[in-house]
Amino acid sequence: MSVIPLVFTSGWASGINAYAVVLLLGLFGATGVSDEVPAALQRTDVLIVAGVLFLCEAIADKIPYVDSVWDTAHTVIRPVAGAVVAALLAGESGSLPELAAGAIGGSTALMSHLVKAGTRMAVNTSPEPFSNVGMSIAEDLGVAGVITFAIFNPVAAAVIAAALLVLGIVTVLFLASRIRRFLRRRAQRREEKRMAGTSGHWPPG
């Protein structure tokens with residue numbers, strides 16, 4: 001069977017939580033649940049690093065505004081991780097050129113990452129922190145559920161991932177005004193900090 005559905009699904013999931021994808025796939029391969037997981041993802045050092053980074057993301061992802069800073073820092077990391085995982089999966093199966101798989105996984109990861117980052121910007125316009133926690137938990141459970149399902153039924157999981165990606169894009173477009181409000185607030189806070197720093201260098205009159 002072509003590895004394209006699993007490549008697409010892993011790319012979508014990597015855009016949301018790349019460390020969870022690496023950790024889950026590695027564990028599925030190391031425990032013998034799946035024979036399609038590359039040996040590189042099953043290495044003990046890879047699993048340990050992925051586990052530690054997953055815990056860091058699990059914490060940062062639930063704190064208002066910190067989650068958006070974390071997302072910004074991962075604008076490159078998540079697509080690259082999606083491309084690497086996709087290429088490794090393709091190399092393991094031999095049914096799809098690794099370069100094409102990397103392009104599919106990386107571009108899908110970039111799209112889902114932008115959806116996640118945009119949604120979080122909209123959520124951060126709300127003064128209470130509970131929506132951030134709820135969104136983060138839903139994303140973690142969604143990634144875990146879809147990746148697990150993809151191991152047993154990759155085609156159906158890819159359909160679900162595609163539907164969630166389209167739904168996310170539509171949601172971000174709907175929340176565009178909130179996202180612009182978040183960006184304006186962030187720019188205003190930066191300007192206030194800059195002005196405060198500038199005024200602090202003036203000698204007292």
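Reading the values: rules and limits
- Residues numbered from 1 in each chain as written.
- Predicted model: local features only at pLDDT ≥ 70, side-chain atom pairs only at ≥ 80, totals over all residues.
- Heavy atoms only, no water.
- Helix = DSSP H or I, 4+ residues; strand = E, 2+ residues; numbered from the N terminus.
- Contact = heavy atoms within 4.5 Å.
- Areas by Shrake-Rupley, 256 points an atom, 1.4 Å probe, with all protein chains shown as cover.
- Lys, Arg positive; Asp, Glu negative; His and termini not counted.
- Charge placed at Lys NZ, Arg CZ, Asp CG, Glu CD.
- Core = buried A, V, L, I, M, F, W, Y, C linked by side-chain atoms within 4.5 Å.
- Buried < 20%, exposed > 50% of the residue type's maximum accessible area, 1.4 Å probe, protein only.
- pLDDT = per-residue confidence, 0-100.
- Polar contact = N/O pair within 3.5 Å; in protein donor to acceptor, adjacent residues only side chain to side chain.
- Expected span 1.5 Å × (residues − 1).
- Axes fitted to C-alpha atoms, helices over the stretch in contact; angles between N-to-C directions.
- Left-handed = near helix turned anticlockwise from the far one by under 90°.
- Nonpolar A, V, L, I, M, F, W, Y, C, P; charged D, E, K, R; others polar.
- Salt bridge = Lys/Arg side-chain N within 4 Å of Asp/Glu carboxyl O.

Chemist: Help me out: how do you make sense of the overall build of the protein chain in this one?
Modeler: A count of helical and extended segments in the protein chain gives nine helices and zero strands. Its helices and strands in sequence order give the protein chain the pattern α-α-α-α-α-α-α-α-α, from N to C terminus. The dimensions of the protein chain, computed from C-alpha atoms along their principal axes, are 75 × 35 × 30 Å. Restricting the contact set of the protein chain to residue pairs at least 6 apart, pairs at least 24 apart contribute 74%. Accessible area for the protein chain stands at about 10,500 Å²; split by element, carbon and sulfur atoms hold 74% of it. The centroid of the 15 positive side-chain charges in the protein chain is displaced by 15 Å from the centroid of its 14 negative side-chain charges.

Chemist: Would you explain the nonpolar core in this entry?
Modeler: A general trend in soluble globular proteins is that nonpolar side chains are found buried together. By size, the foremost hydrophobic cluster in this structure holds 40 residues, and its most contacted members are Val3, Trp12, Leu25, Val143 and Ile147. Those elements that place two or more of their residues in this core are α1 (4-30), α3 (44-60), α5 (77-93), α6 (98-123), α7 (130-152), α8 (154-174) and α9 (176-199). For this core, the element with the most residues is α1, which contributes 13 residues. Excluding anything up to four places from it in sequence, Leu25 contacts Val37, Leu41, Val85, Ile147 and Ile151.

Chemist: What am I meant to see in the confidence of the model for the protein chain here?
Modeler: Regions with low pLDDT should not have their predicted coordinates read in detail. Here the protein chain averages 88 in pLDDT, while 92% of its residues score no lower than 70. When the elements of the protein chain are averaged for pLDDT, α9 gives the smallest value, 72, and α1 the largest, 96.

Chemist: Hey, could you run me through the side chain of Arg120 in this one?
Modeler: Along the polypeptide, Arg120 turns up in helix α6. We classify Arg120 as buried; its relative accessible area is 0%. In this structure the side chain of Arg120 is engaged in a polar contact, spanning 2.9 Å, whose partner is the side chain of Asp67. A distance of 2.9 Å separates a polar atom in the side chain of Arg120 from a polar atom in the side chain of Glu139. Ignoring anything within four residues of it in the chain, the contact list for Arg120 reads Asp61, Asp67, Ser68, Asp71, Asn132, Met135, Ser136 and Glu139.

Chemist: Help me understand α3 in this model?
Modeler: What sets the pattern is the α-helix's 3.6 residues per turn: residues three or four places apart point alike. Relative to the 24 Å expected for 17 residues at 1.5 Å per residue, α3 spans 24 Å between its end C-alpha atoms, a close match to the ideal helical length. Looking at α3, one finds that the buried residues are Leu47, Ala50, Gly51, Glu57, Ala58 and Ala60.

Chemist: I'm lost on the packing of α1 against α6 in this one. Help?
Modeler: Pairs of packed helices are described in terms of their axes, by the angle between the two and the distance that separates them. At a minimum axis distance of 7 Å, the contact between α1 and α6 shows a crossing angle of 35 degrees. Considering how the two elements wind past one another, α1 and α6 form a crossing that is right-handed. Contact residues: Val7, Phe8, Gly11, Trp12, Ser14, Gly15 and Ile16 in α1; Ala101, Ile104, Gly105, Thr108, Ala109, Ser112, His113 and Lys116 in α6. Across the contact of α1 with α6, the residue classes tally to seven nonpolar, seven polar and one charged.

Chemist: Please explain the side chain of Asp140 as it appears in this structure.
Modeler: Residue placement: Asp140 occurs in helix α7. Look past the residues within four positions of Asp140 in its chain and what remains in contact with it is Asn17 and Lys62.

Chemist: Honestly, the pattern of salt bridges in this entry has me stumped. Any pointers?
Modeler: Two side chains carrying opposite charge are able to pair once their charged atoms lie near each other. This model, assessed by the stated rule, comprises 10 salt bridges. The partner of Arg120 in a salt bridge is Asp67, and the shortest N-O contact between them spans 2.9 Å. A residue pair is termed long-range when its members are at least 10 positions apart, and Arg120 in helix α6 and Asp67 in helix α4 (residues 66-73) qualify at 53 residues. Each member of the pair, Arg120 as well as Asp67, carries the same accessibility label: buried. Salt bridges sharing partners connect three or more residues here, namely Glu57, Asp61, Asp67, Asp71, Arg78, Lys116, Arg120 and Glu139.

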